[in-house]
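What follows is the residue order along each chain.
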Amino acid sequence: MTSEYRPISRRTLLTAALGGAAVGVVGQGLFAGAAGAAPKAGRQKLLIGSVDRLGNGVVQLTDPSLTGEQTLVPVNGQPNGIVGSPDGLRAYVGTVFGPGLSVVDVDGGRVTGEVAVGGFANELLVSPDGRTVYVATGSAGAGGSSGHVAVVDTASGEVRARIKAGLLPRSLALSPDGKQLFVGDERAKGVTIVDTAKNAVSGRFETDGTPLLIAIDPKGKNLYVAQSRELATFGLRGGKSGATALDGVPCGLAVHPNGTFAAVSLYAGRNSDSQLVTVNINSNKVRTKESNGKANGPLAMSKDGGRAFVLDEKNRKVTSADTNSGKPDSSLPTPNSNTPTSVAFVETA
């Protein structure tokens with residue numbers, strides 16, 4: 001599997017340590033985003049996080065067609081995860097350096113606030129009502145790993161809770177009603193269930209392998225767990241009900257909005273092309289399988305499910321594919337040959 005680019009420096013270690021202690025908000029008055037007229041419904045943007053060799057992060061805002069004007073927004077360190085607000089006006093970016101969570105005004109093209117969530121920020125999700133951001137964080141060292149899920153109020157920027165959910169929380173999935181948060185543990189074979197009303201762990205179930213990526217279907221019936229060379233189906237309380245064999249290690253996962261299939265980006269080995277696979281999640285059968293060059297990183301899907309965007313770390317770009325055929329048809333390089341690290345699709349309601 002491709003290694004994650006995390007330059008460790010004295011600044012990284014210091015800011016990560018301080019981030020765990022601080023709970024304040026930088027630029028709290030601007031946290032909710034810039035004032036002004038909202039864009040028309042249906043405005044679409046693709047957000048690509050990347051990092052240079054010195055650990056400087058940037059979020060690249062562009063049209064999903066991968067053509068047209070681009071806006072570059074500097075952020076505090078490597079962007080490990082990006083998610084858009086339900087209204088599409090803001091993006092929340094999890095970064096390596098403290099404070100760890102940055103808020104980006106999508107149309108203004110600037111950071112409007114930062115929150116200290118503690119440790120290295122990994123994946124993050126926003127609640128359906130847009131009022132809460134969940135950030136999986138963790139820090140690793142010679143003595144082991146530890147982490148938590150930070151629960152952030154999007155109006156005030158306050159960290160309402162820090163939930164201990166496994167050794168190193170990495171991947172997240174949220175039920176459609178927002179009542180249950182599922183947390184994949186990077187260092188253990190299992191998924192932790194969090195009751196979001198209580199901000200407390202309510203259960204856990206074991207998986208066959210490390211849950212590299214997790215996603216939930218739009219109806220909230222099943223949880224899909226991408227493990228090494230497999231996409232497995234679990235009930236929301238546990239219990240494996242099916243699986244699809246994959247010819248590689250999953251690095252990106254997204255479920256179509258209508259719940260018919262999932263798109264998976266696969267690392268197939270150093271000397272083999274990567275793959276973009278779509279899986280019929282009702283029959284557990286591969287639907288399409290196409291070569292995607294060296295694009296095997298994180299994956300984002302458009303809100304209508306028609307496009308999949310996959311990061312290519314080796315060639316420093318993002319590729320775009322039609323999910324009906326699975327075939328890639330366009331690409332866009334990252335700025336200054338940065339290493340791409342995260343990607344998200346946002347659309348105004």
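Note: the structure precedes this text.
What you are looking at is a predicted structure, and each value in this text was computed from that prediction instead of being measured.

About the criteria used
Residues numbered from 1 in each chain as written. Predicted model: local features only at pLDDT ≥ 70, side-chain atom pairs only at ≥ 80, totals over all residues. Heavy atoms only, no water. Pairing = 2+ DSSP bridges. Helix = DSSP H or I, 4+ residues; strand = E, 2+ residues; numbered from the N terminus. Axes fitted to C-alpha atoms, helices over the stretch in contact; angles between N-to-C directions. Salt bridge = Lys/Arg side-chain N within 4 Å of Asp/Glu carboxyl O. Buried < 20%, exposed > 50% of the residue type's maximum accessible area, 1.4 Å probe, protein only.

S.K.: How should the sheet that holds strand β29 (residues 339–347) be read in this particular structure?
M.R.: The strand order across the open sheet formed by four strands is β4-β3-β2-β29, and the pairing between neighbours is antiparallel. Of all strands in the sheet, those with a lone pairing partner are β4 (71–75) and β29, marking the two edges. Neighbouring strand axes in the sheet, compared pairwise and without regard to direction, differ in orientation by 20° on average. Bridge analysis of strand β2 (residues 44–51) against strand β3 (residues 57–62) gives six bridges, and the strand direction is antiparallel. By the bridge assignment for β3, I48 is matched with Q60.

S.K.: Just checking my understanding: could you explain the sheet that holds strand β22 (residues 261–267) for this structure?
M.R.: Pairing between the strands of a sheet is mediated by backbone hydrogen bonds and can be parallel or antiparallel. Spatial ordering of the open sheet is given by β21-β22-β23-β24, a layout of four strands whose pairing is antiparallel. Across the chains shown, the open sheet's two edge strands, defined by having one partner strand only, are β21 (249–255) and β24 (285–291). Ignoring which end each strand starts from, the neighbouring axes of this sheet average 20° apart. Pairing of strand β23 (residues 275–280) with β24, which is carried by six bridges, proceeds in the antiparallel orientation. Following the sheet pairing, N280 is matched in β24 by K285.

S.K.: Can you help me understand the pattern of salt bridges in this one?
M.R.: A pair can form between side chains of opposite charge whenever their charged atoms are brought close. All told, the structure shown has nine salt bridges when counted by the stated rule. A salt bridge links D329 to R307, with the nearest nitrogen and oxygen atoms 2.6 Å apart. Taken as a pair, D329 in strand β28 (residues 328–333) and R307 in strand β26 (residues 307–312) lie far apart in primary sequence, 22 residues in all. Residue class for D329 comes out partly exposed when judged on its relative accessible area of 49%. Assessed through its relative accessible area of 25%, R307 is described here as partly exposed. Look at the salt bridges and you will find they share partners, linking D208, E230 and K240 into a network.

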